[in-house]
Amino acid sequence: MDEEEEGSENVDFIFRTLSRFRFGVKRKPVYINVIRDPIERLVSYYYFLRFGDDYRPGLRRRKQGDKKTFDECVAEGGSDCAPEKLWLQIPFFCGHSSECWNVGSRWAMDQAKYNLVNEYFLVGVTEELEDFIMLLEAALPRFFRGATELYRTGKKSHLRKTTEKKLPTKQTIAKLQQSDVWKMENEFYEFALEQFQFIRAHAVREKDGDLYILAQNFFYEKIYPKSN
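If you're wondering where the values come from, they're calculated on a predicted model, not measured in any experiment.

### A closer look at the environment of Leu136
And then number 1: Here Leu136 shows up in helix H5 (residues 129–139).
And then number 2: C-alpha of Leu136 to C-alpha of Ile32: the two residues are 104 residues apart in sequence and 9.2 Å apart in space.
And then number 3: Non-local contacts of Leu136, meaning those with residues more than four positions away in its chain, are made with Ile32, Phe121, Leu122, Pro141 and Phe144.

Structure follows, in structure tokens:
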């Protein structure tokens with residue numbers, strides 16, 4: 001689960017485009033997602049387009065043959081590594097308004113934050129993926145029972161890994177961090193991380209290898225769906 005194809009960095013188990021009214025679903029869907037550090041996501045995708053991954057190594061990617069490193073791309077002001085390419089996770093959480101894809105839109109970020117808090121059951125980060133799975137198992141055991149142990153011991157927990165990926169230099173990272181786009185995407189990422197860590201600290205405990213919800217905690221209704 002390290003690297004993904006375009007648009008699949010976000011693991012969304014129920015797509016928002018499938019309206020519950022259109023398809024006759026009476027209950028509100030449970031939205032779950034995982035996001036990633038914006039620069040790490042962009043670097044990974046940059047090399048994925050050129051070298052693919054170990055999941056389907058023989059598949060030709062559309063930038064295959066381009067040997068330019070991410071550092072060289074940033075130094076030359078290339079389009080594949082431009083700060084605008086960081087604008088992905090905010091519009092995804094923002095919704096279907098055209099304003100969501102207006103790069104650098106403060107309204108889009110505010111809407112994305114609102115949706116994360118009010119519409120999503122749980123949003124994790126790839127850097128703390130095991131804890132994300134633990135929370136899912138504790139809160140939704142019907143679907144995720146045994147998922148934590150499988151993640152820890154299974155051979156396919158990290159199935160995909162980009163080939164030939166080179167970590168960017170500090171100078172490259174510093175240059176990207178000067179952009180307003182990175183500042184906004186990073187603000188959203190840190191907001192999501194803070195929310196996730198808050199839930200982890202207040203809603204779930206582990207004892208003797210078992211996970212359980214702190215049902216009396218004020219945050220109970222957020223982490224555990226109310227029955228209708």
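### Quick look at the packing of aromatic side chains
And then number 1: The tally for this structure, following the rule as stated, stands at 9 aromatic pairs.
And then number 2: Look at Tyr46 and Phe70: their rings are 5.3 Å apart centre to centre, the planes differ by 80°, and that puts the pair in the edge-to-face class. Within this pair, whereas Tyr46 is found in helix H1 (residues 38–51), its partner Phe70 is found in helix H2 (residues 70–76), the two being separated by 24 residues in sequence.
And then number 3: Using a relative accessible area of 1% as the deciding quantity, one classes Phe70 as buried.
And then number 4: Aromatic pair Tyr47 and Phe51: ring centres 6.3 Å apart, planes at 25°, arrangement stacked. Here the residue Tyr47 and the residue Phe51 both occupy positions in helix H1, the gap between them amounting to 4 residues, near one helical turn.
And then number 5: We note Arg50 situated over the ring of Tyr46; from NZ or CZ to the ring centre the distance is 3.6 Å.
And then number 6: When the ring centre of Phe191 is taken as origin, the NZ or CZ atom of Lys113, which lies over that ring, is 5.2 Å away.

### Points about the state of the cysteines
And then number 1: This model, assessed by the stated rule, comprises 2 disulfides.
And then number 2: One disulfide bridge connects Cys73 with Cys81, the sulfur atoms lying 2.2 Å from each other. On the sign convention where negative means left-handed, the S-S torsion of about -100° between Cys73 and Cys81 marks this disulfide as left-handed. Cys81 matches Cys73 in its accessibility class, with the two residues each being buried.

### Some details on the confidence of the model for the chain
And then number 1: Mean pLDDT over the chain: 80, with 71% of residues reaching 70 or higher.
And then number 2: Residue range residues 1–21 is modelled with pLDDT below 50. Its contacts to residues more than four positions away, or to other chains, number 61 contacts.
And then number 3: Every residue in residues 216–225 is under pLDDT 50, and counting partners more than four places away or in other chains gives 26 contacts.

### Structural notes on the pattern of salt bridges
And then number 1: Throughout the structure, instances matching the rule amount to 7 salt bridges.
And then number 2: The salt bridge involving Glu187 is made with Lys113; its shortest N-O contact spans 2.7 Å. Placement of Glu187 in helix H9 (residues 180–203) and of Lys113 in helix H4 (residues 106–119) is noted, with a sequence separation of 74 residues between them.
And then number 3: Look at Glu187 and you get partly exposed, because its relative accessible area is 29%.
And then number 4: Between Asp131 and Arg200 there is a salt bridge whose closest N-O contact spans 2.7 Å. Of this pair, Asp131 sits in helix H5 while Arg200 sits in helix H9, and the two are 69 residues apart along the sequence.
And then number 5: When salt bridges with common partners are traced through the structure, they connect Arg106, Lys113 and Glu187 into a single cluster.

### Points about the pairing of strand E1 (residues 31–35)
And then number 1: With 5 of its 5 residues buried, E1 lies for the most part within the structure.
And then number 2: With burial as the criterion, each face of E1 is covered, one bearing Tyr31, Asn33 and Ile35 and the other bearing Ile32 and Val34.
And then number 3: Looking at chain direction, E1 and strand E2 (residues 120–125) are connected through 5 bridges and run parallel. For Ile32, the partnering residue across the bridge sits in E2 and is Leu122.

### Notes on the environment of Phe51
And then number 1: The exposure class assigned to Phe51 is partly exposed, which follows from its relative accessible area of 25%.
And then number 2: For the pair Phe51 and Glu164, spaced 113 residues apart in sequence, the C-alpha separation works out to 6.5 Å.

### Some thoughts on H4
And then number 1: Given a rise of 1.5 Å per residue, 14 residues ought to cover 20 Å, and the 19 Å separating the end C-alpha atoms of H4 matches this to within 8%.
And then number 2: Among the residues of H4, those classed as buried are Ala108, Met109, Ala112, Lys113, Asn115 and Leu116. Buried residues of H4, seen end-on, are gathered within an arc of 160° and therefore sit on one face of the element.
And then number 3: Two or three places before Trp107, at the opening of H4, Ser105 has a side-chain oxygen 3.4 Å from that residue's backbone nitrogen.

Criteria and thresholds
Residues numbered from 1 in each chain as written. Predicted model: local features only at pLDDT ≥ 70, side-chain atom pairs only at ≥ 80, totals over all residues. Heavy atoms only, no water. Helix = DSSP H or I, 4+ residues; strand = E, 2+ residues; numbered from the N terminus. Contact = heavy atoms within 4.5 Å. Phe/Tyr/Trp six-rings, centres within 6.5 Å; stacked < 30°, edge-to-face > 60°. Buried < 20%, exposed > 50% of the residue type's maximum accessible area, 1.4 Å probe, protein only. Lys NZ or Arg CZ within 6 Å of the ring centre and 35° of its normal. Disulfide = S-S within 2.5 Å. pLDDT = per-residue confidence, 0-100. Salt bridge = Lys/Arg side-chain N within 4 Å of Asp/Glu carboxyl O. Pairing = 2+ DSSP bridges. Expected span 1.5 Å × (residues − 1). Arc of directions from axis to C-beta. Polar contact = N/O pair within 3.5 Å; in protein donor to acceptor, adjacent residues only side chain to side chain.

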